[in-house]
Each structure stands twice: as C-alpha cells, then as structure tokens.
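# Coordinate inspection notes
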Amino acid sequence: MTVAPHTGQIVESPSPGPATFVWRSEEDTAAWAQQLAAQPALAHAFVTLHGDLGAGKTTLVRHLLRALGVQGRIKSPTYAVVEPHETAQLAIWHFDFYRFDDPREWEDAGFRDIFASPGLKLAEWPEKAAALTPTADLAITIEAMDETERKVTLHAGTATGRSLVQGLTHGCSQGSSPGRSQGPSA
C-alpha cells in the first residue's frame, strides 16, 4: 500500500500567544497608534478595547484616529454609543457600549448594517454587546500600572488580527524600551 505525500497543512496552526507592550507615557501611546495605523489590515478590522475606566482606551482611539487622518474634534461616543468618522480612504466607527443594555437598540440603531459594511470598527466595552458583535479581529487590553505606564496585551481572533499583531511585533524591537514589544507571551 502506498501513501500519497502530503505537503500542505490540513489544520490551521494555532495562533501564537498574546503580544504585550508597555507604554510609559502618552507619547508612547501616540507612537504605538501610529504603528497600528500603518498596518494595511486595519482598514476593515473590528478592534475591541478592554480595560478599567481610565485605563486609556479612549486616549488610544483618539491617537489612532489622528494617525489615520481624522480631522476636527474627536468626541467620545459614551452617550451616543457610536461616533462615525471618515477620511479620504476610510470609514471608521467608534463604539462605546458602556451604557448599552438593550439588544433591541442594536437593530434600531442600524448597528448590524454598520458591521456588515466595509471600514474600521473600534469598540470600547464590547462585552456589553458581545452576543451581537462579530468575532474581534484584534482585542486590545490596556492595564494601568501607575499614573502614566500602561501594559497592553493583544489577542488576535482572526487571520486579520494575526496580521495586525505580526505587523506590530515585527515593527518593534524586542525588549522593554518605551512603547516597544515585549514579544509574544504564553
């Protein structure tokens, strides 16, 4: 009996562990947002932001939107739930589900249509709408270590997310210098 050679993978290899970064200042946050904005895969990604109140989720979004070319005032969508933004190349929706508590609001507000359309979706407090949102391409968890330092952990949920993490970790030198990757961790 002869066995045919197999040259390709049958099952997708497991994704690498999460990547971690340390931001020692708001300047580090802005520099990291610039690196994320430079990733082509971001254009149609769904990115969730996790962390306690005051961890820096909205600050990161503001820096990211500026890095993507958003002009004018950038408001937090805490009360509106979503704030749309547009650049010449990209439609962006910034969600804040902190006050979201009625699933009927999802349909009434047209969120299903927004998530079905092309563009970047950023969501703070995604756990409040978790049953309604698609799988996040990239989950960013921000933990305040002190007044200025933040530990940031990235989890890729899709191939798009893995591409983003790879672009960020290969764009940074290893080590713990400001805003730099500390590499994938288990």
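Residues numbered from 1 in each chain as written. Predicted model: local features only at pLDDT ≥ 70, side-chain atom pairs only at ≥ 80, totals over all residues. Heavy atoms only, no water.

This part covers the packing of aromatic side chains. For the structure shown, the criterion picks out 13 aromatic pairs. For the ring pair Phe95 and Phe97, a centre distance of 5.3 Å and an interplane angle of 15° mean the geometry is stacked. Both residues of the pair, Phe95 and Phe97, count as buried. Summarising the aromatic geometry, the rings of Phe97 and Phe111 are spaced 6.1 Å apart at their centres and angled 80° between planes, so their arrangement reads as edge-to-face. Taken as a pair, Phe97 in the loop between β4 (91-96) and α3 (104-108) and Phe111 in helix α4 (residues 111-116) lie far apart in primary sequence, 14 residues in all. The pair Phe97 / Phe111 is uniform in exposure class, with both members buried. Each member of the aromatic cluster is reached from another via a ring pair, and the members are Phe46, Phe95, Phe97, Phe100, Trp106, Phe111 and Phe115. (Phe/Tyr/Trp six-rings, centres within 6.5 Å; stacked < 30°, edge-to-face > 60°. Buried < 20%, exposed > 50% of the residue type's maximum accessible area, 1.4 Å probe, protein only. Helix = DSSP H or I, 4+ residues; strand = E, 2+ residues; numbered from the N terminus.)

Within this structure, the stated rule accounts for one salt bridge. With its nearest N and O atoms 3.5 Å apart, the salt bridge here joins Glu149 to Arg24. Taken together, the positions of Glu149 in the loop between β6 (138-144) and β7 (150-156) and Arg24 in the loop between β1 (19-23) and α1 (26-37) put the pair 125 residues apart, joining distant regions of the chain. (Salt bridge = Lys/Arg side-chain N within 4 Å of Asp/Glu carboxyl O.)

Relative to the helices and strands, Asp137 is located in the loop between β5 (120-124) and β6. One buried charged residue, Asp137, forms no salt bridge at all, with the nearest opposite charge on Lys121 at 8.2 Å. Here the side chain of Asp137 touches Phe46 through a polar contact of 2.7 Å, landing on its backbone nitrogen. The contact partners of Asp137, leaving out residues within four places of it in the chain, are His44, Ala45, Phe46, His155, Ala156, Gly157, Thr158, Thr160 and Gly161. (Lys, Arg positive; Asp, Glu negative; His and termini not counted. Polar contact = N/O pair within 3.5 Å; in protein donor to acceptor, adjacent residues only side chain to side chain. Contact = heavy atoms within 4.5 Å.)

We now examine the nonpolar core. Counting 31 residues, the largest nonpolar core has Trp32, Leu36, Leu42, Leu120, Leu122, Ile140 and Leu154 as its most contacted members. The contacts of Leu154, once residues within four sequence positions are left out, are Pro18, Ala19, Phe21, Trp32, Leu138, Ala139, Ile140, Val165 and Leu168. The next biggest cluster of nonpolar side chains, apart from the first, holds 15 residues, and it includes Val81, Phe95, Trp106 and Trp125. (Core = buried A, V, L, I, M, F, W, Y, C linked by side-chain atoms within 4.5 Å.)

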